[in-house]
Amino acid sequence: MAAPDAASAPKIIPFAALEAGDADACAAVVEAWKAGVACVVRLADRAVLRGLWKGSAAGLATADTWPLERLGGLEVGHRQHGARDFLETRAICDEVRPPLGDGVRCAFDHLERCARAALKAACGPLGAAPETLLNLLDEPGRPKLSASVLRLCRYVAPAGEPRKRVCFGAHTDTTFCTAAPCAATPGLEVLDHGTWTSPERGRDSGTDVLVFCGEFLQVLSKSFYEAAVHRVALTAGAAESVRYSAPFLLRARRDATRPRGGGCPRTCRRRTAGVTSPRLPRGRAETSEAFAEDDVGRINGLTGRRTKRTTRTRTRPRTENRRTRRTTVPAPNAPPLARAPNCGRS
């Protein structure tokens, strides 16, 4: 296995240090998320991801027995999109739906802890109390079906394809953050300053987890953090290439409401006001428009590439000069603008 380039390799963060709030571990998360890339968290127990990969392969092999269904408005079960299969798993109390065994349940718990610890670390530079965001997540003990989801994925690139096949196009996740264990077959690519990079290469699929920022946190931080633009691409060659992955998507409860002002103090809002991410794919709606409503949970049903623009109510009318095609906003007490002569229409 080729080792990652030492110059570009991100710092490996021990999971225990991140969960304990170590300053260096938190700084590594902040640095990566501000740049819109992933940080690497290393688990101490190899049995966690070993059980996850075993349970993923078994669950996807029998995915037809778990048809997609909605439980309380949340999707659980199998759905297929061409050459990729997704098995949506959620937790309630100490169980996982669909019931895929202790390996998947244990991995669900560890990845949730990893994602929560990274989100807590990201609150420091924002000047916000960690509870501001953590209170939006699933309640301790998960008395209800979790809003966060562990998505078991299988991607297939047919044999005889010499070129790289993009199995899942460029997108950002509609999450606070995503914790994606490094797969045995590298395929996850993250856009870093206009170049597609492969952070999984050279990583240990038994211990290493990539954690990156999602749209929710980018919006609530006023783009202080950037949602990672990523895709899945495989090269089959002479033999068929199959990739298993299991990203954990950390999301808000359906009944959670956003704190006033986005949950960030006034100083942070001033420092980041008006900042937008230049790295979002062209033609895609700005994620800040998706947060025009206070109910965060209602956004959970939208995917990264399907976020719809919410129409904002204008307090002052806009008037268009048909000759110059320029739009002006009249002052609050100004008289209506006179219609321009020879406007070009009969």
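Please read all numbers here as calculations on a predicted model, not as lab measurements. (Residues numbered from 1 in each chain as written. Predicted model: local features only at pLDDT ≥ 70, side-chain atom pairs only at ≥ 80, totals over all residues. Heavy atoms only, no water.)

(A) Just the environment of Glu 31, in detail. Note that Glu 31 resides in helix H2 (residues 23–34). Along the sequence, Glu 31 and Tyr 225 sit 194 residues apart, while their C-alpha atoms lie 9.2 Å from each other. (Helix = DSSP H or I, 4+ residues; strand = E, 2+ residues; numbered from the N terminus.)

(B) Fine view of the sheet that holds strand E8 (residues 165–171). Pairing is antiparallel across the open sheet formed by 4 strands, whose spatial order is E8-E13-E10-E11. Of all strands in the sheet, those with a lone pairing partner are E8 and strand E11 (195–197), marking the two edges. Ignoring which end each strand starts from, the neighbouring axes of this sheet average 30 degrees apart. Here strand E10 (residues 188–192) pairs with strand E13 (residues 230–234) via 3 bridges, running antiparallel. Following the sheet pairing, Val 190 is matched in E13 by His 230. (Pairing = 2+ DSSP bridges. Axes fitted to C-alpha atoms, helices over the stretch in contact; angles between N-to-C directions.)

(C) Representation of the pattern of salt bridges. The full count for this structure, using the stated rule, is 18 salt bridges. Between Arg 113 and Glu 19 there is a salt bridge, with the nearest N and O atoms lying 2.8 Å from each other. You can see Arg 113 sitting in helix H4 (residues 102–126) and its partner Glu 19 sitting in helix H1 (residues 15–19), a full 94 residues away along the chain. The class of Arg 113 is partly exposed, set by a relative accessible area of 36%. (Salt bridge = Lys/Arg side-chain N within 4 Å of Asp/Glu carboxyl O. Buried < 20%, exposed > 50% of the residue type's maximum accessible area, 1.4 Å probe, protein only.)

(D) Expanded view of H4. The first and last C-alpha atoms of H4 sit 37 Å apart over 25 residues, in line with the 36 Å expected at 1.5 Å per residue. The first or second residue beyond H4 is Gly 127, which carries a positive phi of 75 degrees. (Expected span 1.5 Å × (residues − 1).)

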